[in-house]
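What follows is each chain in one-letter form.
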Amino acid sequence: MSRQRVILDTDPGVDDAAAIFMALGAPEIDLLGITVVAGNVPLGAGLENACRLVALAGRRDVPVLAGVERPLLRDQVYGRYAAIGAFSERLVGADSVTPASEHAVSFIVRQARAAARAGRPLTLCAIGPLSNIAMALRLHPEVAEGIARVVCMGGAFTALGHRTPWAEFNIYADPHAAQIVFGAGVPLVLFPLDVTMQALFTPADVVRIGATGGAPGRALAALMDEHDRSDMARYGRPGGPLHDPMTIAWLLEPGLFAGRPATVGVQVGGATSGHTFADFNDDSPRATVMTDVDEPGYIALVTDRIAALEEETQ
Ligand code: BDR
Ligand code: CA
């Protein structure tokens, strides 16, 4: 089986950390680089978090690159938990890697061009605001030929948003970037809140992640514990979601998910900026919107893959 060539574009972030660990630990994935964008936290804090997660996982071979510092047009907003900033040393340790000097956007462009030349388009996994990817596609539209798909955590269709009642954070934080990516002609696989909020990690799941023995699992469990996402009023049962790892889980085990073809759009101005909408009856759908997940299967996959990474790095 040939390994999937992936660039992970991220704004770490607690659930970004889980996705990064899963991608770093997956033998099926050839992780070309981790590109960082401002989002949950300011760019500098996100970059530092990414560098320390990579060091903790013992994968110093994977480059980490700084990208776009602010949204394309709108005022900057950070995540609801922006105060997390750089992860505390107590939770993830102080060891770090040095970020690469190349800009994340030029890295994406260079890798996508090389992929197009080689006839082996790569996968972009986008788990933060889409500013880096939009910049790459807007500056050099031909790089679309080197991108097999953008697998994106973002949007909300039937679920209410969480950053605002009408919008999911990654799209809300840079709706113009989302509009560019949605319209770029690149196949899009979208994981909106509708599906990510179907899988809730309970306190017992968090204990299991932390008990697997190695440093990444312990750090992730500590982060999940410290930044608890549970919300009984919203979910009606204990536990909280890990949104971002669904993109990596889909690459590894697509059978855990069901989706529907659609053409998607985003509101870029006015009072409901960042609101996503989908036409499920379009004759030429350009996206797959994920609608359902096998909750126990997903939670087991996340837990097992983080445990496997630990065995490799112990
Ligand atoms: C998304 O926003 C951030 O809170 C998370 O990192 C995730 O990417 C969920 O809406
Ligand atoms: Ca994220």
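The preceding data block contains the structure.
Attention here is on the structure that accompanies the text. (Residues numbered from 1 in each chain as written. Chains lettered and ligands numbered in written order. Predicted model: local features only at pLDDT ≥ 70, side-chain atom pairs only at ≥ 80, totals over all residues. Heavy atoms only, no water.)

## Topic: the site of ligand 1
Part 1 of the reasoning: Around ligand 1, the surrounding shell consists of D15, D16, N40, I127, M153, H162, E168, F169, N170, H243 and D244.
Part 2 of the reasoning: At 3.0 Å from an oxygen atom of ligand 1 is found a main-chain nitrogen or oxygen belonging to I127.
Part 3 of the reasoning: The contact in question runs from an oxygen atom of ligand 1 to an N or O atom on the side chain of D244, over 2.6 Å.
Part 4 of the reasoning: Its free accessible area being 280 Å², ligand 1 has 92% of it covered by the protein chains. (Near = heavy atom within 4 Å. Polar contact = N/O pair within 3.5 Å; in protein donor to acceptor, adjacent residues only side chain to side chain. Areas by Shrake-Rupley, 256 points an atom, 1.4 Å probe, with all protein chains shown as cover.)

## Here's the deal with helix α1 (residues 14-25)
Part 1 of the reasoning: Compared with an ideal rise of 1.5 Å per residue, which puts 12 residues at 16 Å, α1 spans 17 Å between its outermost C-alpha atoms and is within 8% of the ideal.
Part 2 of the reasoning: The buried fraction of α1 amounts to 12 of the 12 residues, a majority that puts the element mostly inside the structure.
Part 3 of the reasoning: For α1, every residue scored as buried is listed here: V14, D15, D16, A17, A18, A19, I20, F21, M22, A23, L24 and G25. (Helix = DSSP H or I, 4+ residues; strand = E, 2+ residues; numbered from the N terminus. Expected span 1.5 Å × (residues − 1). Buried < 20%, exposed > 50% of the residue type's maximum accessible area, 1.4 Å probe, protein only.)

## What about the environment of A300?
Part 1 of the reasoning: Secondary-structure assignment places A300 in helix α13 (residues 295-313).
Part 2 of the reasoning: Overall, A300 belongs to the partly exposed group, its relative accessible area being 34%.
Part 3 of the reasoning: Linking A300 and R59, residues 241 residues apart in sequence, is a C-alpha distance of 23 Å.

## So, the coordination of the calcium ion (ligand 2)
Part 1 of the reasoning: Summarising the metal site, the calcium ion (ligand 2) is bound by the protein donors D11 (OD), D16 (OD), D16 (OD), I127 (O) and D244 (OD), whose distances to it range over 2.2 to 2.6 Å.
Part 2 of the reasoning: Donor residues for the calcium ion (ligand 2) sit on one chain with the sequence pattern D-x4-D-x110-I-x116-D. As far as the burial class goes, D11 and D16 line up, both buried. (Donors = N, O, S within 2.8 Å, 3.2 Å for Na, K, Ca; no water.)

## Quick notes on the pairing of strand β6 (residues 188-191)
Part 1 of the reasoning: Side chains L188 and L190 project from β6 onto one buried face, and the interleaved V189 and F191 project onto a second face that is buried too.
Part 2 of the reasoning: Bridge count between strand β5 (residues 147-153) and β6: four bridges; the pairing is parallel. In the strand pairing of β6, V151 is matched with V189.
Part 3 of the reasoning: As judged from the three bridges shared by β6 and strand β9 (residues 287-293), these two strands associate in the parallel manner. Each residue of the ladder has a partner; that of L190, found in β9, is V289. (Pairing = 2+ DSSP bridges.)

## Remarks on the packing of α1 against helix α12 (residues 245-252)
Part 1 of the reasoning: Following both chains from N to C, one finds α1 and α12 inclined at 25°, their axes separated by 8 Å at the closest point. Considering the angle they form, α1 stands roughly parallel to α12. For the pair formed by α1 and α12, the contact residues are D15, A18, A19, M22 and A23 on the first element and P245, I248, A249 and L252 on the second.
Part 2 of the reasoning: Here the contact of α1 with α12 is built from residues that sort into eight nonpolar, no polar and one charged. (Axes fitted to C-alpha atoms, helices over the stretch in contact; angles between N-to-C directions. Parallel < 35°, antiparallel > 145°, perpendicular 65-115°, else oblique. Contact = heavy atoms within 4.5 Å. Nonpolar A, V, L, I, M, F, W, Y, C, P; charged D, E, K, R; others polar.)

## Observations concerning the sheet that holds strand β8 (residues 276-279)
Part 1 of the reasoning: One open sheet accounts for nine strands, arranged β3-β2-β1-β4-β5-β6-β9-β7-β8; its pairing is mixed. The open sheet has two free edges, formed respectively by β3 (64-66) and β8, since each of these has just one partner strand. Strand-to-strand twist of the sheet, defined as the mean angle between neighbouring strand axes without regard to direction, takes the value 30°.
Part 2 of the reasoning: Relative to β9, strand β7 (residues 257-266) is paired through six bridges, and the arrangement is antiparallel. Looking at the pairing, G259 lines up with M290 of β9.
Part 3 of the reasoning: Its contacts with the sheet put helix α2 (residues 43-56) on β2 (29-36) and β3, and the angle it makes with β3 is roughly 175°.

## A few points about unusual backbone geometry
Of all residues except glycine, most have a negative phi; of all peptide bonds, most are trans.
Part 1 of the reasoning: A cis amide bond links P12 with the next residue in sequence, G13, at an omega value of -10°.
Part 2 of the reasoning: Positionally, G13 belongs in the loop between β1 (4-10) and α1.

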